[in-house]
Amino acid sequence: MKFFLWCAFILLVVLALRKKLRLWLQHQKNQRRTDIPTQTQVEMRAKHPEAMLACAHCGMYIPVSEAIRHTDLDTHNDVVFCSTAHRQQYFSS
Ligand SMILES: [Zn+2]
């Protein structure tokens, strides 16, 4: 009787794990689909390239959407950085 109960328990655990694994694989598959840009998105990016701005600290060019902006309150000038670390270094020097 005890053996039968153990077998039933192990079977339930295996079934539950299979269901979890199936859901996880489905989730991974859906995530991969959304990461891949569609043909329209690829064409749009090729036709309308994003503007690039130079980091005020290191001079590296970065896309406008990824740039970290800082507006000087006294001069109202926009300064752009590639990272928060470079923004801190720029103002600490
Ligand atoms: Zn930089």
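Structural notes, computed from the coordinates. (Residues numbered from 1 in each chain as written. Predicted model: local features only at pLDDT ≥ 70, side-chain atom pairs only at ≥ 80, totals over all residues.)

1. Brief notes about the overall build of the protein
Of the regular secondary structure elements, the protein holds three helices and four strands. Scanning the protein from its N terminus toward the C terminus, one meets helices and strands in the order α-α-β-β-β-β-α. Relative to the 2.2 N^0.38 estimate, which gives 12 Å for 93 residues, the radius of gyration of the protein is 26 Å and therefore markedly larger than a compact globule would have. Counting across all 93 residues of the protein, residues that qualify as buried make up 3%. The contacts in the protein between residues at least 6 apart in sequence include a share of 32% that link residues at least 24 apart. (Helix = DSSP H or I, 4+ residues; strand = E, 2+ residues; numbered from the N terminus. Rg over C-alpha atoms; globule rule 2.2 N^0.38 Å. Buried ≥ 20, exposed ≤ 12 C-beta atoms within 10 Å, placed from the backbone. Contact = placed C-beta atoms within 7 Å.)

2. So, helix H1 (residues 2-35)
For H1, with 34 residues, the first-to-last C-alpha span of 50 Å sits near the 50 Å given by 1.5 Å per residue. In terms of residue burial, H1 counts as a barely covered element, since only zero of its 34 residues are buried. (Expected span 1.5 Å × (residues − 1).)

Geometric values such as these leave the question of function open.
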